[in-house]
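Here's the letter readout for the chains.
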Amino acid sequence: MSVLIIGGDEITPIKAVLKGLGCEEITHWDGRKESVNHKELPQNIECLVMLTNFLNHNTMRKFRNAAKKKEIPIICTKRSVSCLYCEFMKTFGENCNKVCAYK
């Protein structure tokens, strides 16, 4: 599975979790510059991950709408590996309420 992550600066732990969940190709856009809003979603992504505490509302809205049009699953989460894991499992697998420390 290929994943696009938007938001966050240092996402090494998040990449490790996604690789452990079977994601082979991970692309990261930090979302700090306005120029990210002029980009289009890559053709090959199968999932969009947005790290919400690092994105403004316009960026989130633009990419959420673009992903919905292409029927790409969207995961919105804080920059926390446990929250990412839980949201990933809610979207693609079992519910993991007992594992997730954040609600």
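Residues numbered from 1 in each chain as written. Predicted model: local features only at pLDDT ≥ 70, side-chain atom pairs only at ≥ 80, totals over all residues. Heavy atoms only, no water.

Q: Any chance you could explain the packing of aromatic side chains here in plain terms?
A: For any pair of aromatic rings, the description rests on two quantities: the centre-to-centre distance and the angle between the ring planes. Applying the stated rule across the entire model yields 2 aromatic pairs. For the pair Phe88 and Phe92, a centre-to-centre distance of 4.8 Å together with 40° between the ring planes defines the contact as tilted. Remark: Phe92 and Phe88 occur in helix α3 (residues 81–92); sequence separation between them is 4 residues, near one turn of the helix. Overall, Phe92 belongs to the partly exposed group, its relative accessible area being 35%. (Phe/Tyr/Trp six-rings, centres within 6.5 Å; stacked < 30°, edge-to-face > 60°. Helix = DSSP H or I, 4+ residues; strand = E, 2+ residues; numbered from the N terminus. Buried < 20%, exposed > 50% of the residue type's maximum accessible area, 1.4 Å probe, protein only.)

Q: Is there a simple way to think about the sheet that holds strand β1 (residues 2–6) in this case?
A: Strand pairing within a sheet occurs via backbone hydrogen bonds; the two strands may be parallel or antiparallel. Taken in spatial order, the 4 strands make up an open sheet running β2-β1-β3-β4, and their pairing is parallel. Edge positions in the sheet fall to β2 (25–29) and β4 (74–77), since each of these pairs with one other strand and no more. Pairwise comparison of adjacent strand axes, ignoring direction, gives a mean angle of 20° for this sheet. As judged from the 4 bridges shared by β1 and strand β3 (residues 47–51), these two strands associate in the parallel manner. In the strand pairing of β3, Val3 is matched with Cys47. Across the sheet, helix α2 (residues 57–69) touches β1, β2, β3 and β4, and the angle it forms with β3 is around 165°. (Pairing = 2+ DSSP bridges. Axes fitted to C-alpha atoms, helices over the stretch in contact; angles between N-to-C directions. Contact = heavy atoms within 4.5 Å.)

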